[in-house]
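# Topology and contacts: notes
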Amino acid sequence: MELGPYIILGLLEGLVTAAVLSLMAVGLSLVFGVMRVVNVAHGEFFMVGAVLAWWIAGSIEGNPALGFVAAMLLAPPLTAGLAVIADQLILKRIGYDPERTIVATIGLLYVIQQLTLMTFGPDARPVEAPFNNRLSIPLLEWTNDGLALYWPWGLGTTSYKIAVILAALTLLVAIWLLMTRTRYGLIMRATQLDRETALAFAIPVNRVYASVFGLGAGLAALGGVLIVPIQQAHYLMGHDPLLLSFIVVIIGGLGSLPGTIVAALLIGLSDGIISIFFSPTLAKIIATLAVAFFLVFRPQGFFGKRAL
Amino acid sequence: MNLLSTHNLSRKFGGITAVDNISFVIPTGQVRALIGPNGAGKTTFVSMLSGRIAATEGQVFFDGIDVTKEPAHLRIRAGMAYTFQITSIYGRLSVFENVALAVRWQTSGDENETKRRVEDALAEVGISDRATQLAGDLSYGHQRLLEIAMGLCQRPKLLILDEPTQGLADSEINQFIRLISNLRGVMTILLIEHNIDVVMRSADAITVLNNGKVLAEGSPKEIHENAAVQAAYLGTS
Amino acid sequence: MSELKKSWLLHLGIVALLLVLQFVLPSYHHASMARIMVLTCYAMGYNILFGYTGLLSLGHALFFAAGMYGLSLSMQHLEWLAGPALIIGLLSGVVVSLTIGLLLLRTTGVAFMIVTLMFSQAGYLTVLYFGEFTRGDEGLVIQQELRSIAGIDLSDPTSRYFAALLLMTICIIVSLRVVQAGFGRVLVAIRENDERTRMLGYDIQRHKLSAIVLSGTMSAAAGACYCLLFGYAGATFASVQYSIFPLLWVLLGGAGTVLGPFVGTLFMFYLIDLSSGLTTAYMLIAGFSLVMLTLFAPQGLVGEIRRRGLRWLP
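Conventions used here
Along each chain, numbering runs from 1 in the same order as the chain's sequence is written. Each chain gets a letter, beginning with A, and each ligand a number, beginning with 1, in the order they are written. Under the rules for a predicted model, residues below a pLDDT of 70 receive no local features and side-chain atom pairs below 80 are neither given nor counted, while totals for whole chains, interfaces and linings still include all residues. Put simply, DSSP H or I for four residues or longer makes a helix, DSSP E for two residues or longer makes a strand, and each gets a number counted from the N terminus. We compute the radius of gyration over the C-alpha atoms and compare it with the globule rule, which gives 2.2 Å times the number of residues raised to the power 0.38. Residue burial is a threshold on neighbouring C-beta atoms within 10 Å of the residue's own C-beta, all placed from the backbone, with 20 or more meaning buried, 12 or fewer meaning exposed, and counts in between meaning partly exposed. By the convention adopted here, residues make contact when the C-beta atoms placed from their backbones lie within 7 Å. Each residue gets one label: Ala, Val, Leu, Ile, Met, Phe, Trp, Tyr, Cys and Pro are nonpolar, Asp, Glu, Lys and Arg are charged, and the others, such as Gly, are polar. For two strands to pair, DSSP has to find at least two bridges joining them. With axes taken as lines fitted to C-alpha atoms, and helix axes fitted only over the stretch in contact, angles between N-to-C directions fall between 0 and 180 degrees. Each domain span listed reflects an automatic or database assignment of domains. In this analysis, the expected span of each helix is defined as 1.5 Å times one less than the number of residues it contains. Think of a nonpolar core as buried Ala, Val, Leu, Ile, Met, Phe, Trp, Tyr and Cys residues, each tied to the set through C-beta atoms within 7 Å. Oblique is the label for any angle not under 35 degrees, not over 145, and not in the 65 to 115 range, which are roughly parallel, roughly antiparallel and roughly perpendicular in turn. Two helices that cross are described as forming a left-handed crossing if the nearer one is turned anticlockwise from the farther one by less than a right angle, and a right-handed crossing if clockwise.

### Some thoughts on the overall build of chain A
Each helix and strand in chain A was counted, giving 11 helices and 4 strands. Relative to the globule expectation of 19 Å for 308 residues, the C-alpha radius of gyration of chain A, 20 Å, shows essentially globular dimensions. Across its three principal directions, the C-alpha atoms of chain A cover 75 × 50 × 40 Å. The 308 residues of chain A split such that 48% are buried. Considering only intrachain contacts with a sequence separation of at least 6, the fraction spanning at least 24 residues in chain A is 77%.

### Looking at unusual backbone geometry
If you check the backbone angles, Ala202 of chain A has positive phi at about 60° while not being a glycine. Within the secondary structure layout, Ala202 of chain A lies in the loop between α7 (195-200) and α8 (205-227). Not every positive phi belongs to a glycine, and Asp63 of chain B is a case in point at roughly 55°. If you trace the backbone, Asp63 of chain B turns up in the loop between β4 (57-62) and β5 (65-66).

### As for the environment of Gly146 of chain A
All names here are of chain A. By the secondary structure assignment, Gly146 is in strand β3 (residues 146-150). By C-beta crowding, Gly146 is classed as exposed, having 6 other C-beta atoms within 10 Å. Sequence-wise, Gly146 and Ser279 are 133 residues apart; in three dimensions their C-alpha atoms are separated by 39 Å.

### Things to note about the interface of chain A and chain C
As a measure of interface size, the accessible area lost when the parts come together is often cited. On the chain C side, the residues contacting the 33 residues of chain A number 32 residues. Those elements that provide at least two residues to the side of chain A that touches chain C are α4 (98-120) and α11 (280-297) of chain A. At 16 residues, the largest contribution of residues to the side of chain A that touches chain C is made by α4 of chain A. Here the side of chain A that touches chain C is built from residues that sort into 25 nonpolar, 4 polar and 4 charged.

### Side note on the interface of chain C and chain B
Contacts between chain C and chain B engage 12 residues on the former and 15 residues on the latter. Those elements that provide at least two residues to the side of chain C that touches chain B are α8 (182-192) and α9 (194-198) of chain C.

### Re the sheet that holds β4 of chain B
All names here are of chain B. Strand order in the open sheet formed by 4 strands is β2-β1-β4-β5, and the pairing between neighbours is antiparallel. Of all strands in the sheet, those with a lone pairing partner are β2 (16-27) and β5, marking the two edges. Of the strand pairs in this sheet, β4 and β5 are connected by 2 bridges, and their pairing is antiparallel. Directly across from Phe62, in β5, lies its bridge partner Ile65. Where helix α1 (residues 42-50) meets the sheet, its contacts fall on β1 (2-13), β2 and β4, and the angle it forms with β2 comes to roughly 60°.

### Overview of the domain arrangement of chain B
Residues and elements named next belong to chain B. Taken domain by domain, chain B comprises domain 1 (2-79 + 156-234) and domain 2 (91-155). On a C-alpha basis, the centroid separation for the pair domain 1 and domain 2 is 25 Å. Contacts between domain 1 and domain 2 engage 9 residues on the former and 9 residues on the latter. Tallying contributions element by element places helix α6 (residues 170-183) first for the side of domain 1 that touches domain 2, with 3 residues. Within the side of domain 1 that touches domain 2, the residues separate by chemical class into 6 nonpolar, 2 polar and 1 charged.

### With respect to α6 of chain B
An α-helix turns once every 3.6 residues. As a result, residues three or four positions apart point the same way. For α6 of chain B, built from 14 residues, the straight-helix expectation of 20 Å at 1.5 Å per residue is met to within 8% by its first-to-last C-alpha distance of 20 Å. Positioned one or two residues after α6 of chain B, Gly185 of chain B has a phi angle of 90°, which is positive.

### A closer look at the nonpolar core
Membership of the largest hydrophobic core comes to 273 residues, with the highest contact counts inside it found for Ala50 and Ala53 of chain A, Val99 and Ala149 of chain B together with Val38 of chain C. Both domains that meet at this core, namely domain 1 (2-79 + 156-234) and domain 2 (91-155) of chain B, each give it at least three residues. The contact partners of Ala53 of chain A, leaving out residues within four places of it in the chain, are Ala71, Ala75, Val127, Gly224, Val225 and Val228 of chain A.

### Topic: the pairing of strand β2 (residues 139-143) of chain A
Residue and element names in this part refer to chain A. For β2, the tally of buried residues reaches only 0 of 5 residues, placing the bulk of the element at the surface. In the sheet, β2 pairs with β3 via 5 bridges, with the strands oriented antiparallel. In the strand pairing of β3, Thr143 is matched with Gly146.

### Overview of the packing of helix α11 (residues 240-253) of chain C against helix α13 (residues 283-296) of chain C
Residues and elements named next belong to chain C. Interaxial distance between α11 and α13 falls to 10 Å at its minimum, and their mutual angle equals 45°. With respect to α13, the element α11 is oriented oblique. Pair α11 / α13 crosses with left-handed handedness. Contacts from Ile244, Leu248, Leu251 and Leu252 in α11 reach Ala286, Ser289, Leu290 and Leu293 in α13. Residue composition of the contact of α11 with α13, by class: 7 nonpolar, 1 polar and no charged.

### Some thoughts on the sheet that holds strand β10 (residues 213-218) of chain B
Residue and element names in this part refer to chain B. Within the open sheet, the 6 strands sit side by side as β6-β7-β8-β3-β9-β10. Their pairing is mixed. Both outer strands of the open sheet, β6 (80-83) and β10, are each paired with one neighbouring strand and no more. Between one strand axis and the next, the sheet turns by 15° as a mean value, whatever way the strands run. Judged from the 4 bridges that link them, strand β3 (residues 31-35) and strand β9 (residues 205-210) form a sheet pairing that is parallel. Across the sheet, Leu34 pairs through a bridge with Thr207, a residue of β9. In this fold α1 packs onto β3, β6, β7 (158-162), β8 (188-192) and β9, with an angle of close to 150° to the strand it touches most, β7.

### Points about the packing of α11 of chain C against helix α12 (residues 260-278) of chain C
To describe two helices that pack against each other, one gives the angle between their axes and the distance between the axes. Residues and elements named next belong to chain C. Put simply, α11 and α12 touch, their axes get as near as 7 Å, and they point 110° apart. In terms of their interaxial angle, α11 and α12 are classed as roughly perpendicular. Handedness of the α11/α12 crossing: right-handed. In this structure, α11 contributes Leu248, Trp249, Val250, Leu252 and Gly253 to the contact, and α12 contributes Gly260, Pro261, Phe262, Val263, Gly264, Thr265, Phe267 and Met268.

Next comes the structure, spelled out in structure tokens:
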């Protein structure tokens, strides 16, 4: 394959990564924006979503699409429920203190991860996609008769991957509408801006926090469900996406939704491209150092208004 | 001899000018009060004096030296002491340890000298009997006295007190005014206050700020009779 | 008896107890104690920054690994002897902590924590990336015959135990001296209220940097000694897990106490040792403990003892 198609392939794969990453990052950003805490266990909610998807889809006989739809409908709410329990039992009790929350969520990370190891096991398990048609992608080229389409060998994607990208877009629009057009979104933004005043206006801040934490986890879980037909379900799969989400949220700017989406695109796409040219380890080193240096020298990221 | 002076000191935050070109002088040994309505720029101005925030323009001179670029901790070492507007003591440490921390860089390791200085300072503000208590367990009034003790113990040339009587009971305020008169002549004092009664009774001179500028300056009597000052406080200007 | 004397007696008493134990412990526990003592030094290093200065690092494995790889790489590839390699391990700790420290001074709170985590991750990934030299996860094994200083074979259990005890004693002495001196009290003041401390006349940036370097170097010393005494350096020691461990040990034992790190490491080591016999998911214990500690006992064991009575405990 020549360079051109290689890059396009990288971009396509990157778009899929960006799609799922944006869901996860928006979840993390919402939690930080409204609750002012960093949830280190966020990646585990992603993993739980994927594992639940495997379990639900596996329990339903017949057309894999049925099982998958059931997983999409059930796994995120179940994961959100788990998150709300964690919020009520742990986060609320420590008063959402930023440092204690980080330590507690690290603990939560290990608890969720290891319990999954004990029940699900150490193996990676696949989930069948609801539909999976191979699509070849044409490119344009100059021929003697003018512009014509041609299909480079090996350049293609699947219908499912396109669906993932579209699904993520739809969800992001839905979140945006939720934040800007609904009463719930208004309450969320009010709580984010000024907790004290929100309390004075009889906004049930604790319930808002619980629901936002649940929403964040649900988004991560949804990401997990979407990715699991492409990537298998594995108890450690939350680790890399967590790191990437961190990068996206910090570079995009905490609490800034458009910034998060732009950064997710940037990171997702460059991850796709960089993985072609560099070793994944080196790419991760660069990414990790980028986050560190951003926090040191430009803590508000590119678009953020407030820093950590 | 002027202990502290500023020259065209200004501070801008984005489009807002919080402190506008203030040139200000405190002669050595004076008890000076800085008053003004909320938002006048008092806290910003004093933060620039102490070094907590940097000036956008202008200079600060302390004891003959240009300290404009000096970081806060070095200004403290040069002879300033600063008490916070919102009580800022070490709640989980003992009263003794709170004051000891204030003075230890001066006594460098001589724990006997430290002990002497701490006991003197605690006696001066009247909380000697609470030396072993945890600072967080003290009443609000006593915590404010502890803050002052921490400043006094450093034997500063200039003691900056940021709203020291806020939240104090009347008896405690009287005690405070007595303390200030005891200190007169021993050190120069800059008092930021909202309580006009305290200011009238303890200050040698008063500077009134409004909208980031000096509105008036003079003796307590002069300020008391100044129409512009009254208008600023009542909001009719 | 003065509080100072009481402190020294208690701590040196514990050292003496450990000395005696050398002769009576059965071989499995003998080896475990040697490990625990070296890891305690790692925890003590961490405690200086977290317990006393109040700065929560999520990336201390970087320092531990700096010492470990400083030593092992110089022995393996430069063919240096153990003694000089140990110095290199220490120096690596100093250099890394100084560099990271200067950058960290620009951050506070949650940003500080994440930056430490990121640098540590980058360090771990770098160890993997240069697998050619470090053998990555598989790790480097230092030959037994090389692990001796001044003729003493450190792979021999008895010498190894004494070496670990020596390191721990040094770290206890350093910690006590720091904590009881003016420097240590300023660190505590910074932890309690750093703005107040600044306005009392202290250069808090310089103090924080010193705390980071001291903490990092002590951790690096532990890392270098661990490799020297147990003959192995592996990428796991640079991973996030090994950054979480000292946090866990210190929280459990008592942050801001000199003995807390030892108590926490001892307890957790055996707890995890026992549970890894039962299940591969032994990190569940670590996670669960972290949650419980944050919720109910942020003071830790020794911290609680101090709070409830023995106020003179440093």
